[in-house]
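Single-letter residue listing:
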Amino acid sequence: MTTAHARAGAHRPTGLVDFRYLDDGVTTAGQFRAGTAPTVVVVPAMGQTSVDWGDALPSTRAAIWSFNRPSCGGADPRRHHEPMPYSAFAAELDATLEASPAVGPYVLVGHSLGGLIALAYTQRRPGMVAGIVLVDPSFPHMDLGGRGTEPKIDGDDRTGNPIDVDTDAGLVATAVVPGVPAVVLSRAPGWPDYISADEDNRWHAWHSDLATRWGAPRLVAETAGHQMQHDAPSLVGYAISQVVQCVRDGQRSVEVTIEDVAALEATIR
């Protein structure tokens, strides 16, 4: 049985309200804003929460849901601590959406690891994806900066789950967006400084490949780092708004102008 409520006095400047709901004895937390279709679903980066997204969400009339994965931001930990491939995270997102009042199909906004989870979700439930915005999505193997052997934990170090970066690497690397409007956002070249030039080029080549295969615009920030929702919130909000409007207009591709993108300190690649 699922129950839901919003905490009084928890309004954000963007109109987002904190929520917690109980599903089969497990508490899920996050933020939402009531609105019209299509519903925007934010899938945060590894260990991050919905609170990190307030400034980047546009003032569109669309309903917005942002869920904290287990062990992140007040959500209960999972009942197991086994490594999870991207398809398992996608299945969990699917179950969370089904248990929530959110109404699909959805515009997915995936950041970093969240981008890989969003890609896995598109392969699991293509009919529930109305559009997609990938915000500086991670490599499928998450091996940036020589950190491929370091364990990657989603959530609290004690209660979070290791991420299985190998099992579904091929699934997300070859994922095809199911004929819906999409945008790929990339951080500025040369950041962070602990990675080599070759790795930096590989990161941007991965994003370019995604955009090319989907026929989607790739917008590259001039000054923003990986946390684009903080460094370039207007650019992220613009991309979300463009995809939402395309869904409403029944268009399958996003068209952006050089002038609009330049005003947001980014370029079209």
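Okay, so let's go over this structure.

Cut-offs used in this document
- Residues numbered from 1 in each chain as written.
- Predicted model: local features only at pLDDT ≥ 70, side-chain atom pairs only at ≥ 80, totals over all residues.
- Heavy atoms only, no water.
- Helix = DSSP H or I, 4+ residues; strand = E, 2+ residues; numbered from the N terminus.
- Expected span 1.5 Å × (residues − 1).
- Buried < 20%, exposed > 50% of the residue type's maximum accessible area, 1.4 Å probe, protein only.
- Arc of directions from axis to C-beta.
- Pairing = 2+ DSSP bridges.
- Salt bridge = Lys/Arg side-chain N within 4 Å of Asp/Glu carboxyl O.

**A closer look at helix α4 (residues 197-214)**
Here α4 contains 18 residues, and its C-alpha end-to-end distance of 26 Å stays within 8% of the 26 Å for a straight helix at 1.5 Å per residue. Inspection of α4 places Glu199, Asp200, Trp203, His204, Trp206, His207, Leu210, Ala211 and Trp214 among the buried residues, and these make up the whole buried set. Looking straight down α4, one finds that the buried residues subtend no more than 140° of arc, so they occupy a single side. Residues of α4 that are exposed and point more than 90 degrees away from the buried face comprise Ala197, Asp198, Asn201 and Thr212.

**Some details on the pairing of strand β11 (residues 218-221)**
In β11, alternate side chains face the same way, and those of Arg218 and Val220 on one face and Leu219 and Ala221 on the other are all buried. Both strand β10 (residues 182-186) and β11 contribute to a ladder of 3 bridges, which runs parallel. Paired with Val184 across the strands is Arg218, a residue of β11. Note that β11 and strand β12 (residues 266-268) share 3 bridges and pair antiparallel. Across the sheet, residue Val220 finds its bridge partner in β12, namely Thr267.

**A look at the pattern of salt bridges**
The final tally for this structure, using the stated rule, is 9 salt bridges. Among the ionic pairs, Glu92 bridges to Arg78, the shortest N-O distance being 2.7 Å. Taken together, the positions of Glu92 in helix α1 (residues 86-99) and Arg78 in the loop between β5 (62-68) and α1 put the pair 14 residues apart, joining distant regions of the chain. In terms of burial, Glu92 and Arg78 fall into one category: buried. The partner of Arg213 in a salt bridge is Asp209, with the nearest N and O atoms 3.0 Å apart. Here Arg213 and its partner Asp209 are both found in helix α4, 4 residues apart, which amounts to about one turn of the helix. The exposure class assigned to Arg213 is partly exposed, which follows from its relative accessible area of 33%. Accessibility expressed as a relative area gives 34% for Asp209, which makes it partly exposed.

**Concerning the side chain of Arg187**
Positionally, Arg187 belongs in the loop between β10 and α4. Judged by its relative accessible area of 1%, Arg187 is buried.

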